[in-house]
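Structural overview for review
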Amino acid sequence: MSFEIEGTVEMVSDIIEISESFRKRELIVTYISHNPDYPDSVKFECVQDKVELFDGLNPGDSVKIYFNIRGRRWEKEGKLNFFTSLQPWKIEKTENQEPAKPDDKLPF
């Protein structure tokens, strides 16, 4: 199952080289869920060859992101952990939907 969200790019990380064979990149998007006074900031993560998906995105860009939710179980030294990540597979830039401002130079 895939999901989608529309929001504004807050931050795009550089490519993070975890090891010689693993790299990732993060994208923070702000969106309004329920209350416009308290916007949500959501972190998306791409790995390996998908890191280029964030190329060309800049803070302030309006975007629509299509993504999958991935979860992992990890156990180390008897301690059990669970990780959840939002992994985009398509990103579209959208138009900023700000209300039009009246033109003060109209003759009437």
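In every chain, residue numbers begin from 1 and rise along the written sequence. It should be noted that, the model being predicted, local features are given only for residues of pLDDT at least 70 and side-chain atom pairs only at 80 or more, the latter also being counted only at that level, while totals for whole chains, interfaces and linings use all residues. Side-chain metrics rest on all non-hydrogen atoms present in the structure, leaving aside hydrogens and water.

**So, the nonpolar core**
- Counting 14 residues, the largest nonpolar core has Leu27, Phe44, Phe54, Val63, Ile65 and Ile91 as the members making the most contacts within it.
- Of all the elements in the fold, those that place two or more residues in this core are strand S1 (3–12), strand S3 (22–31), strand S4 (40–47), strand S5 (62–76) and strand S6 (79–94).
- When residues no more than four places from it in sequence are discounted, the contact partners of Phe54 are Val12, Arg25, Glu26, Leu27, Phe44, Cys46, Pro88 and Ile91. Each nonpolar core is a collection of buried residues, namely Ala, Val, Leu, Ile, Met, Phe, Trp, Tyr and Cys, held together in the definition by side-chain atoms within 4.5 Å. Between buried and exposed lies partly exposed: a residue is buried under 20% and exposed over 50% of the maximum accessible area for its type, with that area taken using a 1.4 Å probe on protein chains only. A run of H or I in DSSP becomes a helix once it reaches four residues, and a run of E becomes a strand once it reaches two; helices and strands are each numbered from the N terminus. Residue contacts follow a heavy-atom distance rule, with two residues in contact if any of their heavy atoms lie within 4.5 Å.

**Quick look at the pairing of S6**
- Bridge count between S5 and S6: 15 bridges; the pairing is antiparallel. Directly across from Asn68, in S6, lies its bridge partner Gln87.
- Here a strand pair is declared whenever DSSP counts at least two bridges between the two strands. The hairpin formed by S5 and S6 contains two residues between the paired strands, and Glu77 there has a positive phi angle of roughly 50 degrees.

**Describing a nonpolar patch on the surface**
- Nonpolar side chains collect at one region of the surface, where Met1, Phe3 and Ile69 lie side by side and expose about 350 Å² of accessible area between them.
- Relative to the assigned elements, Ile69 resides in strand S5.
- The exposure class assigned to Ile69 is partly exposed, which follows from its relative accessible area of 42%. Patch membership requires more than 30% relative accessible area and the absence of a salt bridge. Residues of like charge join within 9 Å; the nonpolar side chains Val, Leu, Ile, Met, Phe, Trp and Tyr join within 5 Å. Here the accessible surface of atoms and residues is derived via Shrake-Rupley with a 1.4 Å probe, and residues count as covered only by protein chains that are part of the display. One side-chain nitrogen of Lys or Arg within 4 Å of one carboxyl oxygen of Asp or Glu is enough to make a salt bridge.

**Some remarks on unusual backbone geometry**
- With a phi close to 55 degrees, Gln48 is a non-glycine residue in the positive phi region.
- Take Gln48: its relative accessible area is 30%, and that puts it in the partly exposed class.
- You will see that Glu77, though not glycine, has its phi angle at about 50 degrees, which is positive.
- Position of Glu77 among the secondary structure elements: in the loop between S5 and S6.
- Relative accessible area serves as the criterion here: at 78%, Glu77 is assigned to the exposed category.

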